[in-house]
Every structure is written in C-alpha cells, then in structure tokens.
Amino acid sequence: MRIPKRLMLAAYRVGSYMVYGTTAEANWIYEKVQRPSSCFIVAMNLLYWKLRRPRVRGIVALILEPVFDCNLRCTYCPWSLMRPRLEGLRPRLMTWETFCAAVDTAPKTVETIQFSGLGEPLMHPRICDMIERVADRGKRPSLFTNGTLLKGDLLRRLAQTPLSVLNLSLEPDAETCRKYRGIDLDTVRKHVEEFVALKQPATEVKIRMVVHPGNVDRLGAVWDPWRGLVDDIKMCPVFTTDGAGSPFLCMEPWRGNLTVWTNGKVTPCCLDTFEDLVIGNIHKEAFAEIIHGKAYRDLLNRFTKGAMPDRCANCSSPNIGQMPTLLPRKPVGRR
C-alpha cells in the first residue's frame, strides 16, 4: 500500500507543526519517511518520547559518515571550531568493509540511507559505488555535499547513479559564501546546473542553509536565484554544544535515525561528534542487538532522568529571528 505524496505531506505538516512549531520540516521528513510502516514506527517512537519510555519501536533511516574530513573550513562547523580535538578521533575514510557491514545488515525497516556526518562525502573515492549498493539493497540513498567537488568525471558519474536526493549546503548569497565558507557561489552554481542537466529524472536537488547571526538578514530572497533549478530550500538553525544549558528530554534518540561513524560505532545522534552516546559497533554486534540492546535502553533511561552527558544538556539552537528550534526542549522534571 502506498499513500499519495500529497496526503503524506499534509499529515507531516501537522506533525511538524506539533513537534517543531513549524510546517517547514514536512518535506524533509518525507525525504526519509515514505512508507506507511515507517510512519507508524516514527509515530510510536515519538509517543515513547512523550511518555518518557526508554525504548524505540524501530529505525527508519541510517546516516553514514563516509569521510571524517572536509575540504572546507566553514566558520561555524566543528571542523573549524574544534579541529585539534577532532583530528585522529576516528579513521578519515570509512572502509568498504565497514560500509557493507552497515548497509547489508541494515534492518528491513530502514528505507533511507543518508551520506553525511562530519565530513564531505564526495571526498570518498568509492562514493558512487556506495550509492549504487544502497539502491541495490532496496534503500533510498541521499547525500549532503558542499558542492565544491561536484565537477568533472565525479559529477558525471554521480549524475548517473540512482541517487534519491542531492542536498547542497550553501549560504544565501555570494558574499556570505565567501565569508563563512570560503567558496565562490557562481562556480558551485555552474556545477549544480551541469548536474541537473545530466541527473536521473528521479533525483531531486535541494539546498540546505544553516541560519546563523551572520546571514539571517539575507534569507528573504534566497529562492529567486535558484527557482526552477532546485526542488526545495531548507533553513536549519546553527547548533552549539558548548553553551550554558540545563537538562532536557531531547527527542533525537527517539527519532528513528542511527548514525554510523567511519569506525563502525553507532550513535542515535548525528551531533554526537565526540562519541559520547555510542550504543554499539557494527563490527561487534548486529543492528537488532544494538537497537534493542541494553546500551541503547540505558542511554534512553539516562535521558529520561536528566543524566545525559553535559554536551547534550548544553546542546541548543540559538534563537535567531523567526527560526524555530529543531531541538524541542521538554523539561526532564515535568510530564
């Protein structure tokens, strides 16, 4: 059974507003969750979060980190802010063995596998092979990139893969791209135009913009130069994990996503940069053991009691303009 896209989007707009206070997340939820069975899993996971139950119904998406490195040094990215503490933390590239261990044993409930993490996926020499294997395993592959390496033979090869979504991380205009990312927007745009001309019909192209104090006043006209070229533009607030916070019941461990770092370690949070929340390793345990195992259950218990790591308690998205938080903060002490 397949529910029409317009009906699912309508339902996701309601759900997005109830959880995040905005309907803007609906299209991005749909990017990962399209099966009715996945909708049920996500709904049950969120119900467990609301009820403070230390369990999840299942997992619907995997985030794989193929590269623990980046060719850019964006001013608000952990690679720029915490580079000395990050270098050597885990392997620079995910091995083919680790990749296959994740994809080939992914639960049947997983429908989307996203290439992102703390690095630039297009730096991996086998990224196109990875995308094709994900599709061969019946999963929907998506990828985040800064767009600077999207050129030449790599662009042409990537355009022919069964990629579901290409997400481009950019700033609103040429000036902010130079200032905060150190890139030339016109060059990236030419790459995007060539990719769009060559891509498979089913591949969508979207832009993700991190909203921060330096660009919030530039967001009003972001659609105009990209209209007709990309399918959607997502605004996401910048996150920080070094602020002064207080314990809260974060929704992230219940959302139905798991991240696999280049070393095979598994965490329920894509912002778990320093591996504070690791619940298993795909080289040592099957996904079923990780998802329903003691480590995951103990972690959820810690969150419900407000005993999460300090980094989680301090995680926040600053109040910038009218941007809603993507970290709904349910106080630990109240139901």
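In what follows, the accompanying structure is described. (Residues numbered from 1 in each chain as written. Predicted model: local features only at pLDDT ≥ 70, side-chain atom pairs only at ≥ 80, totals over all residues. Heavy atoms only, no water.)

1. Some thoughts on the side chain of T203
Okay, step 1: Here T203 is to be found in the loop between helix 10 (185–198) and strand 5 (204–211).
Okay, step 2: A residue is classified by how much of its surface remains accessible, and T203, at 2% relative accessible area, is buried.
Okay, step 3: Within the structure, T203 has its side chain in polar contact with the backbone oxygen of L163 (distance 2.6 Å). (Helix = DSSP H or I, 4+ residues; strand = E, 2+ residues; numbered from the N terminus. Buried < 20%, exposed > 50% of the residue type's maximum accessible area, 1.4 Å probe, protein only. Polar contact = N/O pair within 3.5 Å; in protein donor to acceptor, adjacent residues only side chain to side chain.)

2. Structural notes on the packing of aromatic side chains
Okay, step 1: What the rule picks out here adds up to 3 aromatic pairs.
Okay, step 2: Ring geometry for F68 against W79: centres 5.0 Å apart, planes inclined by 50 degrees, an arrangement best described as tilted. With F68 in the loop between strand 1 (61–64) and helix 4 (78–81) and W79 in helix 4, this residue pair connects regions lying 11 residues apart in the sequence. Exposure class is identical for F68 and W79. Each is buried.
Okay, step 3: Centre to centre, the rings of W96 and F99 are 5.0 Å apart; their planes meet at 40 degrees, and the pair counts as tilted. Pair noted here: W96 and F99 are both in helix 6 (residues 96–104), with a separation of 3 residues, about one helical turn.
Okay, step 4: For W96, a relative accessible area of 26% translates into the label partly exposed.
Okay, step 5: Counting every residue linked through ring pairs, the aromatic cluster contains W96, F99 and F115.
Okay, step 6: Here the basic side chain of R90 rests over the ring of F68, its NZ or CZ set 4.2 Å away from the ring centre.
Okay, step 7: One cation-aromatic arrangement involves R126 over W96; the distance from NZ or CZ to the ring centre is 3.8 Å. (Phe/Tyr/Trp six-rings, centres within 6.5 Å; stacked < 30°, edge-to-face > 60°. Lys NZ or Arg CZ within 6 Å of the ring centre and 35° of its normal.)

3. A look at the sheet that holds strand 3 (residues 140–145)
Okay, step 1: Strand order in the open sheet formed by 9 strands is 6-5-4-3-2-1-8-9-10, with mixed pairing between adjacent strands. Two strands lie at the open edges of the sheet, namely strand 6 (232–237) and strand 10 (280–281), each paired on one side alone.
Okay, step 2: Where strand 5 lies against strand 6, 6 bridges are found, and the strand directions are parallel. The partner of K206 across the bridge, within strand 6, is D232.
Okay, step 3: Against the sheet, helix 7 (residues 127–136) touches strand 2 (112–115) and strand 3, its axis set at about 150 degrees to strand 3. (Pairing = 2+ DSSP bridges. Contact = heavy atoms within 4.5 Å. Axes fitted to C-alpha atoms, helices over the stretch in contact; angles between N-to-C directions.)

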